Structures are given as C-alpha cells and as structure tokens.
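Per-entry structural report
The chain contents come next:
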Amino acid sequence: MREYSLSNITDIMFKNSSDGEQQTNAESENSHGSPVDADENTDRGNWSSKREYLLSMIGYAVGLGNVWRFPYLAYKHGGGAFLIPYTIMLAVAGIPLFFMESSLGQFCSQGPINVWKAVPILQGVGIAMMVVTTYLAIYYNVIIAYSIYYLFASFQNPLPWSGSSNMSCNGTEIGCCNTTAHDSIVSLNMTAENQTCQGGFLPGQSPSEKYWDEVALRRTSSMDETGPVVWHLALCLLLAWILVGAALFKGIKSSGKVVYFTATFPYIVLFILLIRGVTLEGARDGIEYYIGSYSNLTKLAEAEVWKDAATQIFFSLSIASGGLMTLSSYNKFYNNCYKDSITVCVVNCSTSVFAGFVIFSILGHMANIYKRPVSEVAAAGFGLAFIAYPDALSKLPISPLWSILFFFMLITLGLDSQFASIEVITTCLQDAYPKVLKSRRGLITTTVCILLFLLGLPCVTGAGIYWVNLIDTVCAGWILLVAGLLEIVGLSFLYGTNRYIKDIEMMIGTRSALFWFWWRACWFFITPVVLTIILGWSLYTFTPPTYGTVTYPQWGISLGWCMTAFSLIWIPIVAVWKVYKASGHPWQRVKSACSPTEDWGPYLEHHRGEHYGAKDVPDANIFVISNNCDTKL
C-alpha cells in the first residue's frame, strides 16, 4: 500500500487547481524564458510553489474568528438557518472583494500602498490599511501570547483551572482568599466588594473564569488602573514575536515552508476534537443547538442576522487589511487568481461550519455535566477560548492532552494570520524604498517585530485586556469597512470595471461576457451597497465598548477614536496632496489624480504587452459611468 507524506497530500489537494487556460499561460510564461520553478520576478521574489501560496492564503483567512465567533453567531441567529444569509453574503460580498484584492496585487506585483498607482487619489487607502494592520498585529500577538501561556499551563494534571486542586483552601493554593504564602506565583487583585470567598472562588465565578481573570491576566478593576506588567504574559508575548520573526526572516521563502505545518495542523486537531466530542454524553444536545432541530427560520426576518452574517464574512476573509494584496503580489503573473479566490473562500467558510460542530459537541457535554441549557454555557471570543472551552476540556479524561491540542491549535491559527500582517508592513516598506531595503529583509522583519513587541507591552499589564478589547472593537471594524468600500468604489467607478476586467484577462485569459456579468453586478452595485449598509448599521447601532460589566473611561473611548482617526486621516490628506501636485486647472488636477500613473501596470516589462507598453495611460472617466461599466452583453 502506498504511503502518503504531507507533501504528497498537499500535491494531491492542489494538483487540479490549475485549469487548461492556466496551462496555456504557463506555456506563455516559458515562451518569455522564465523557468517554471525559478523566480519570475527577481526583484521581489515569488512563491516557491503554488501550494505555499494557497496554504498561506488559507492560513491567513482561517483565523481565531472561525473557531470562537462563527459558531456562536450561528447558534444565536437560528442555528442552521444562519447558513442562508451567511452563504448569500459570501457570494455577494466576500468572494467579489476577495477576488478583486487578490487579482489587483497579482497584476501589479505591489503591496497595498503601491497598488493605488491605479487610482492615485486613493493611495491614502493603502496607508490606512497598513496602519490598521499594525494595530491588528499588536493585539493579535497578545492573543497568541495568551494561548502560549495556557499551553504551558496545560502541562499539569489536574488542569489549574479545573477547580479540583483549589477546593480545599489552605492558604497556599492558587485561587484561595489567603494568598500571602503563594504571592510568588499569583497575586489576586480583589476589590472591596468581591472579597467573599466560597471554596476559594468569587461568588458567581467558575474556576476557569477566576483563573482567566486573576491568574492568567491578573486583571485590574478598570482601564484607569493600569497595574504592573504581567511578566509571564510579557515573556509569552516575546516568544510569540520570536516565532513570527523567525518564520518571516527570509520573507515568503521561509514563511512558505512554515505554513505546511501551521495551516494544516489546525484541521488535524479539529478532526481529533470532533471525534472525541461526538462520543461524549450530551454532545447531541450541543450540536442540535448549533445547527440541528432548533433551527429557526423566522430569524431571517431580523436585520441584525444579515448584518452579522455580512460582518462575519468580511472579517473572516481578512478583506481590506492589505494582506490579500500582499500575499498575491508574490504570485507569478499568469497564476489563476480566480480559482484561487474561490478555493480559499470556500475552504475558509467550510472551516467555520466544521469548527461549530467541534465547539458545540463539547459544550453540549459541559451543559450535560452542569445540568444547564446549552445556551447558558455558550460563549464567543475570549469567553469561549479561555473560559468556557477550557472548562469543558477539564472535565474530560486525560484533560491535559485535549487542552494541549486545543491551545496549540489556537497558536497555529493565530500565527498564520500574524505572518501575513507583518508581511504587509515589511512589503509596504520595501516597495516604498526598494533600492535601500531590497537586500535587508531580515533586518526589516527583526526591527518591525521588536517595535511591535514594545508597543504591545501595555496589552500585557493588569489593564491589558481592556486595551486588546478596545483596539478590536473600536479601531479595526470601521477602518476596514471604510477601506473596503473606498477600494471597490475606486476600482469600479474611477479606474473602471471594463478596464479592470481586461487587466484580469491578461492574467487568466479571456472569458465570456456572461462570465463577467456576475462580477460586474457585484463590483458595480451589489457589493458597494452591502458594505454601505453594514457601515451605516454599525454606526447607527454603535455603543461604547465594554469588557463584561466593566465600562471604559471617557479618555479610553476618546483614545480609541483618535486611533481610528489616525488611520483614516491619511485618505483625505493623500487625496488633497495628489490633487495639489497635479498640473493644470482644478478640474484637470482632479482628473489627473484619478487616472493611473505612467508606471502603472504589470511589474515586469514583458508582461505589459501592447496595452501597457506605452507610458501614456489613458485617463479614467470618473463621471461618465457608462464608459467604464458597460456590460456589453
């Protein structure tokens, strides 16, 4: 019997990812004298193989949100019925934006700032993407640090958050009221109103919740009380940045090898946890609450369901943060980015659905143990990953094994996404200063990692979780929505849908008008409308952020708005600067700033062809929409 290695398996998975047209394009590539396995773009480099690119994209798109947010949303919004709006939003918003971004990066072989040579007036959108990615990279690695800490803590039996070792309070155990004899291990931060102990735990708190707040985080009572640096988290954060820096030291050449493990290992763990979960008593109840007999089609009449479905698709696919453009910019020019986009989007959303079965099978078992409804143990975000699910795992036989697998999976899920975030920053810097930084990739990566580690230290203080939650809820959401909306408006209306389709056809070959009809409809009308509705709804329903029952001080909320403004302010600043630098009367300046630059187009000369051979690129007609968006069916 033939044995298959990981390389064999990935070969089989992606063998059919290229169709006849791509083979023709590959032959065209050879006609230009570029060997199939060699770097086509010697200035920037290319992926060593198609597998590395696809695994990197899947790893980037499939992140923590697939595991700790989607299952809860599905349960909250009608179980299986939630898949209807989720699938529709994937078709009308997720895949069109994903395809647009990945094809744009591949076409010009540039990062998220330089791709806007296509529409210079919107180059500030690329800067906003880089800034928000910096925010995301800072707090995302803190979450990885939490997972690393819990991974180390899992090498104990019983697990320290199980409560079994804390129920006899003798003044020396973690979780006891009297901690003076154990201050070297944990310092409990207890306010005056919560100093009543019952079995070593605060009233109403489970052992896992108490461990999360008082041992792992050493959380203070509010954002006003910063507290000291929590050194075990700081060391875990340092380790997380060392892992990221080592994997990216040689750019995509090194990270492309790492993703063979980090992108595939989570699926192995999910499968193992699913097999274990469905064999537990009560698992059926959990799965039924997730997607089974409790499916509620009447939920589809609620606007919030559709908003949550669209929002989850948008953020789950990592759209508008620059990562898709960055990773695809290292593709060879004739790569079939259309098939890649469909593949990654389908895998990402299928993973979300699959993860739901894994999560709710074990939560059903937990509800059965506590004799409570599944609704009372279901949670999302930090509450699921670091309180509810660890609590459930602690009730299983050989609980340290399952805990180690779970948190190792969270680490690999987070690292893949973090790789792309750092790649965005380093690629933008190298594209801006190619002559100076071309041969200094390792130095750039190391410098970026050190700076972001230092910037992340406030997130590992006693008030660190408040900072993480603030960045996540206030900064990331709206910035990405605004950037995504401007991106699709700029390419569809200013650059022109017809022009952009011709650019794509230079890479994947000519397609029929009927094939492009759907993409025209999405890019020109459906997707912009969906994004506008999501953005408007988010603004209308905005409430100040909270962490559990803890409210944020006014200065904290103001700081969050300042961080948001610092990201978005680059969009009008750059637009005004581009108009100012253009020549002619005011109307000509605006037209010039909305038209592609002379060096816009494929990066390599032999890919430019007749359309981009000359330097005088025709201006885009920004107000005569019919010239740019005629479907010509």
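It should be noted that the structure appears before, not after, this text.
Residues numbered from 1 in each chain as written. Predicted model: local features only at pLDDT ≥ 70, side-chain atom pairs only at ≥ 80, totals over all residues. Heavy atoms only, no water.

A few words now on the overall build of the protein chain. Of the regular secondary structure elements, the protein chain holds 26 helices and two strands. Looking at the protein chain as a whole, 59% of its 633 residues are labelled buried. When contacts within the protein chain are restricted to residue pairs at least 6 apart in sequence, those whose partners lie at least 24 apart make up 82%. When the accessible surface of the protein chain is totalled, it reaches about 25,500 Å², and 63% of it is carbon and sulfur. (Helix = DSSP H or I, 4+ residues; strand = E, 2+ residues; numbered from the N terminus. Buried < 20%, exposed > 50% of the residue type's maximum accessible area, 1.4 Å probe, protein only. Contact = heavy atoms within 4.5 Å. Areas by Shrake-Rupley, 256 points an atom, 1.4 Å probe, with all protein chains shown as cover.)

Tyr146, Trp212, Phe382, Phe386 and Trp523 are the most contacted members of the largest nonpolar core, which has 199 residues in total. In terms of residue count, helix α20 (residues 464-508) provides more of this core than any other element does, 24 residues in total. Those residues within four positions of Tyr146 in sequence are excluded, and the remaining contacts are Trp212, Leu217, Leu233, Phe382, Phe386, Cys459, Gly464, Ile465 and Val468. (Core = buried A, V, L, I, M, F, W, Y, C linked by side-chain atoms within 4.5 Å.)

In total, this model carries 55 aromatic pairs according to the counting rule given. Ring geometry for Phe382 against Phe386: centres 6.4 Å apart, planes inclined by 25 degrees, an arrangement best described as stacked. Remark: Phe386 and Phe382 occur in helix α16 (residues 382-393); sequence separation between them is four residues, near one turn of the helix. Each member of the pair, Phe382 as well as Phe386, carries the same accessibility label: buried. Directly above the ring of Tyr330 sits Arg44, whose terminal nitrogen or CZ lies 4.5 Å from the centroid. The aromatic ring of Phe515 is capped on one face by Arg511, whose charged end is 5.3 Å from the ring centroid. (Phe/Tyr/Trp six-rings, centres within 6.5 Å; stacked < 30°, edge-to-face > 60°. Lys NZ or Arg CZ within 6 Å of the ring centre and 35° of its normal.)

One way to put it is that helix α23 (residues 570-581) packs onto helix α24 (residues 586-593) with a least axis distance of 8 Å and a crossing angle of 120 degrees. For the element pair α23 / α24, the angle class is oblique. Here the hand of the crossing between α23 and α24 comes out right-handed. Residues Lys578, Val579 and Tyr580 of α23 form the contact with α24, whose own contacting residues are Arg589, Val590 and Ala593. Tallied by class, the residues present in the contact of α23 with α24 amount to four nonpolar, no polar and two charged. (Axes fitted to C-alpha atoms, helices over the stretch in contact; angles between N-to-C directions. Parallel < 35°, antiparallel > 145°, perpendicular 65-115°, else oblique. Left-handed = near helix turned anticlockwise from the far one by under 90°. Nonpolar A, V, L, I, M, F, W, Y, C, P; charged D, E, K, R; others polar.)

With that settled, the discussion passes to the environment of Tyr290. Looking at the element boundaries, Tyr290 is found in helix α12 (residues 283-291). For the pair Tyr290 and Ala74, spaced 216 residues apart in sequence, the C-alpha to C-alpha distance is 6.5 Å. For Tyr290, the residues in contact, after removing those within four places along its chain, are Phe70, Pro71, Ala74, Tyr75, Gly79, Gly80, Ser352, Val353, Gly356, Phe357 and Phe360.

Going from Asn157 to Pro158, the amide bond is cis rather than trans, its omega being 5 degrees. Along the chain, Pro158 falls in the loop between α7 (123-153) and α8 (207-216). Despite not being glycine, Ser318 shows a phi value in the positive range, around 60 degrees. Relative to the elements of secondary structure, Ser318 occurs in the loop between α13 (303-316) and α14 (323-328). For Lys371, which is not glycine, the phi dihedral falls at a positive 55 degrees. Position of Lys371 relative to the elements: it lies in the loop between α15 (337-370) and α16.

By the element assignment, Ser399 lies in helix α17 (residues 399-432). It is 7.6 Å that separates the C-alpha atoms of Ser399 and Pro158, two residues lying 241 residues apart in sequence. The residues touching Ser399, leaving out its near neighbours within four places in the chain, are Leu159, Leu393 and Ser394.

We now examine the packing of α7 against α20. It is the contact of α7 with α20, at a shortest axis distance of 9 Å, that shows an interaxial angle of 150 degrees. Taken together, the axes of α7 and α20 are roughly antiparallel relative to one another. You can see that α7 and α20 cross each other, and the crossing is left-handed. Judged by residue contacts, Val125, Ala128, Met129, Val132, Tyr135, Leu136, Tyr139, Val142, Ile143 and Tyr146 of α7 engage Gly464, Ile465, Val468, Ile471, Asp472, Cys475, Ala476, Ile479, Leu480, Ala483, Leu486 and Glu487 from α20.

In the structure shown here, the tally under the stated rule is twelve salt bridges. The partner of Lys210 in a salt bridge is Glu214, with the nearest N and O atoms 3.0 Å apart. On the criterion of helical spacing, the pair formed by Lys210 and Glu214 is a turn pair, its members being four residues apart in helix α8. Side by side, Lys210 and Glu214 carry an identical accessibility label, which is buried. In this structure, Glu288 engages Arg284 in a salt bridge whose closest nitrogen and oxygen atoms are separated by 3.3 Å. Of this pair, Glu288 and Arg284 both sit in helix α12, four residues apart, which is roughly one turn of the helix. The class for Arg284 is exposed, based on a relative accessible area of 65%. (Salt bridge = Lys/Arg side-chain N within 4 Å of Asp/Glu carboxyl O.)

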